[in-house]
Amino acid sequence: MTDMVDILKKHGVRPTKLRVRILEVLISSGKSFSFTEMHKHFDEKQDRVTIYRTFNVFYDNQLIQKVVDVDGIVRFYYCREQISLCPSFRCRECGRITTLSPLPEYYRTELAAHAIDDVLLLFSGICKGCKEHHGH
Ligand SMILES: [Zn+2]
């Protein structure tokens, strides 16, 4: 709990109760969530607009990453890597997001010359765990 507050503060986000809880869900589950999915996670007891705003505050303060998923839905996930240049892998079975190795230094240098608005580095498929479980 204290960790969550620290993380929020470090990113200049005022730690409200809901913000702490949402961050906790993102970090502990290791999954990506759309607005609707997070709303459902709280049994729809939380205001949808508040969840929407929370995600945007997190995103604007570079606390979470945003991806347009393969199904066309925008999902958010937590990424420890500060620079938003770590490709990720999303399992379509269990929904877990795995952060892959960051892009090599020369790649970052090359990109630094441009003003980047959006980064979409998402691999999609079935993760190692699910693959083994199903014996694919
Ligand atoms: Zn999986």
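Reading the values: the criteria
Residues numbered from 1 in each chain as written. Predicted model: local features only at pLDDT ≥ 70, side-chain atom pairs only at ≥ 80, totals over all residues. Buried ≥ 20, exposed ≤ 12 C-beta atoms within 10 Å, placed from the backbone. Helix = DSSP H or I, 4+ residues; strand = E, 2+ residues; numbered from the N terminus. Pairing = 2+ DSSP bridges.

K.L.:
Can you lay out the pairing of strand S2 (residues 74–78) for me, pointing to particular residues and giving the numbers?
P.N.:
S2 sits mainly inside the fold: 4 of its 5 residues count as buried. Judged from the 5 bridges that link them, strand S1 (residues 64–68) and S2 form a sheet pairing that is antiparallel. In the sheet register, Gln-65 faces S2, and the bridge partner there is Tyr-77. The loop that links S1 with its antiparallel partner S2 comprises 5 residues; one of these, Gly-72, has a positive phi angle of about 85°.

K.L.:
Tell me what's going on with the pairing of strand S3 (residues 88–91), and back it up with residues and numbers.
P.N.:
The pairing of S3 with strand S4 (residues 97–99) spans 3 bridges and is antiparallel. When the sheet's bridge partners are listed, Phe-89 is paired in S4 with Thr-98. Hairpin connection, S3 to S4: the antiparallel pair is bridged by 5 residues, and Gly-95 has positive phi, about 75°. Looking at chain direction, S3 and strand S5 (residues 122–125) are connected through 4 bridges and run parallel. Bridge assignment links Phe-89 to a residue of S5, and that residue is Phe-123.

By themselves, these figures tell us nothing about what the structure is for.
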